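# Overview (structure and organization)
Listed below are the residues making up each chain.
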Amino acid sequence: MKLFVTDQDGKTHELEAIDGWRVMEIIRDYGLPIKAECGGCCSCATCHVYVDPEWVPKLYPMRDDEQDLLDTAPDVLETSRLSCQILMSEELDGLKVTLAPGSER
């Protein structure tokens, strides 16, 4: 599976994704500049990404705790999600996300 991540400098990276892994874990493990301070516990907003609009309908709906954290994040858009709350699956093969401002290390 593939995950396409655009960093804060506008460079797109093609990453190998693993079924069941959090998008945040994949981005972090490839060494891209993402804080992900809480390590995927959904208790910060430092793994904030923008999901390509084409992919938004394919994601599970956002839970209340994720929405509450995004309310505290800078530069939130309609396509904003926390990458720790997106689990890779075959249905998401080719997912495209962009690292949001404030998520960089």
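Heads up: these notes are all about the structure in this document. (Residues numbered from 1 in each chain as written. Predicted model: local features only at pLDDT ≥ 70, side-chain atom pairs only at ≥ 80, totals over all residues. Heavy atoms only, no water.)

## Some points on the side chain of T6
As for its position among the elements, T6 is in strand 1 (residues 2–6). According to the relative accessible area criterion, T6 is buried, its value standing at 18%. In this structure, T6 is in contact with K11, T12, V97, T98 and L99, ignoring residues within four places of it in sequence. (Helix = DSSP H or I, 4+ residues; strand = E, 2+ residues; numbered from the N terminus. Buried < 20%, exposed > 50% of the residue type's maximum accessible area, 1.4 Å probe, protein only. Contact = heavy atoms within 4.5 Å.)

## A short note on a negative patch on the surface
Taken together, the side chains of D19, E90, E91 and D93 define an acidic patch exposed on the protein surface. By the element assignment, D93 lies in the loop between strand 4 (80–82) and strand 5 (95–99). According to the relative accessible area criterion, D93 is partly exposed, its value standing at 35%. (Patch = residues over 30% accessible without salt bridge, like charges linked within 9 Å, V, L, I, M, F, W, Y side chains within 5 Å. Areas by Shrake-Rupley, 256 points an atom, 1.4 Å probe, with all protein chains shown as cover. Salt bridge = Lys/Arg side-chain N within 4 Å of Asp/Glu carboxyl O. Lys, Arg positive; Asp, Glu negative; His and termini not counted. Charge placed at Lys NZ, Arg CZ, Asp CG, Glu CD.)

## A look at the packing of aromatic side chains
Counting across every chain of the model gives 0 aromatic pairs. For the cation-ring pair, K58 lies above W55, with the distance from its terminal atom to the ring centre recorded as 4.3 Å. (Phe/Tyr/Trp six-rings, centres within 6.5 Å; stacked < 30°, edge-to-face > 60°. Lys NZ or Arg CZ within 6 Å of the ring centre and 35° of its normal.)

## Points about the pattern of salt bridges
For the coordinates displayed, the defined rule picks out 5 salt bridges. Between E14 and K2 there is a salt bridge, and its shortest N-O distance comes to 3.2 Å. Of this pair, E14 sits in strand 2 (residues 12–16) while K2 sits in strand 1, and the two are 12 residues apart along the sequence. Given a relative accessible area of 49%, E14 falls into the partly exposed group. You can call K2 partly exposed: its relative accessible area is 26%. For K2, the salt bridge identified is with E16, shortest N-O distance 2.2 Å.

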